[in-house]
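# Notes for the structure review
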Amino acid sequence: MKKVLIGGIGSVLLGDDGMGPYLVRMIGAQYEFAEGVEVIDLGTPALELVDNIAGKDAVILIDSVKLDAEAGSIALYRKSDLAAHAPSMRMDPHAPVLIDAIHAAEFFANPPGDVLLIGIVGATFEPGCELSDAVQASLSKATREVLNELDRLGVSHCRRIKAADPDIWWTNVPAVTHETHT
């Protein structure tokens, strides 16, 4: 049994920064996963992120990123990409914590195996609990990236016959069902 973390990172109070928590709640409500897979809203983690990623066979993190690209664009970063650009890479406010957490886990000889950061370029990070239209339009593609990574890892998943309540408590916008492959 592989130990896999699918984690959403971000503040639900800052517009598109809340995309990670939103998407992991949607994924957890729409899909069932093999034993050993955890789907967690990590919020805005500090170094306790080490405890979440240490010893995992794979970590898939979803976060908003600030890049010189069109809002809603998706960027994928592997562990080697994150390590190669540290500390100069500042994709978002959470990147230093992620990089530090990976290094700390390595220092304690319990690093995660595979790491994939799925970043969606945000349009707005102003106070508010709504996602921009551009980010909402990219959620299906980001979900496909999560499922593609699970397929690559050989971790089973299937779409729920009836989606559960995603408990997206911070927004008045009804949860969107994102059509993806199974």
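In this report, we go over the structure that sits alongside the text.

About the criteria used
- Residues numbered from 1 in each chain as written.
- Predicted model: local features only at pLDDT ≥ 70, side-chain atom pairs only at ≥ 80, totals over all residues.
- Heavy atoms only, no water.
- Buried < 20%, exposed > 50% of the residue type's maximum accessible area, 1.4 Å probe, protein only.
- Helix = DSSP H or I, 4+ residues; strand = E, 2+ residues; numbered from the N terminus.
- Pairing = 2+ DSSP bridges.
- Phe/Tyr/Trp six-rings, centres within 6.5 Å; stacked < 30°, edge-to-face > 60°.
- Lys NZ or Arg CZ within 6 Å of the ring centre and 35° of its normal.
- Salt bridge = Lys/Arg side-chain N within 4 Å of Asp/Glu carboxyl O.
- Expected span 1.5 Å × (residues − 1).
- Bend = angle between axes of the 7 residues up to and from the residue.

Moving on, we come to the pairing of strand β4 (residues 58-65). Counting buried residues along β4, eight of its eight residues qualify, which places the element largely inside the surrounding structure. Taking every second residue as pointing to the same face, both faces of β4 are buried, with Ala58, Ile60, Ile62 and Ser64 on one and Val59, Leu61, Asp63 and Val65 on the other. Here eight bridges tie β4 to strand β6 (residues 114-121), and the two strands are oriented parallel to one another. Note on β6: the bridge partner recorded for Val65 is Val121.

Moving on to the packing of aromatic side chains. Under the counting rule described, the total for this entry stands at two aromatic pairs. With a centroid separation of 6.4 Å and an interplanar angle of 40°, the aromatic rings of Tyr31 and Phe33 are classed as tilted. Residue class for Tyr31 comes out buried when judged on its relative accessible area of 1%. Lying over the aromatic face of Phe125, Lys66 brings its terminal NZ or CZ to 4.9 Å of the ring centre.

The full count for this structure, using the stated rule, is seven salt bridges. Arg160 is the partner of Glu32 in a salt bridge, and the nearest nitrogen-oxygen pair spans 3.7 Å. Separated by 128 residues along the polypeptide, Glu32 in strand β2 (residues 31-33) and Arg160 in the segment after β7 (157-159) bring together distant segments of the chain. Since its relative accessible area comes to 28%, Arg160 is described here as partly exposed. Note that Glu38 is salt-bridged to Lys56, the shortest N-O span being 3.0 Å. Residue Glu38 is located in strand β3 (residues 37-43), and its partner Lys56 is located in the loop between α2 (49-53) and β4; the two are separated by 18 residues in the primary sequence. A relative accessible area of 13% means that Lys56 is categorised as buried. A network of salt bridges, in which partner residues are shared, links Arg78, Asp114, Glu149 and Arg152.

Given a rise of 1.5 Å per residue, 21 residues ought to cover 30 Å, and the 31 Å separating the end C-alpha atoms of helix α5 (residues 133-153) matches this to within 8%. At Leu139, α5 shows its largest bend, some 40°. Turning to α5, its buried residues are Val135, Ser138, Leu139, Ser140, Ala142, Thr143, Glu145, Val146, Leu147, Glu149, Leu150 and Leu153.

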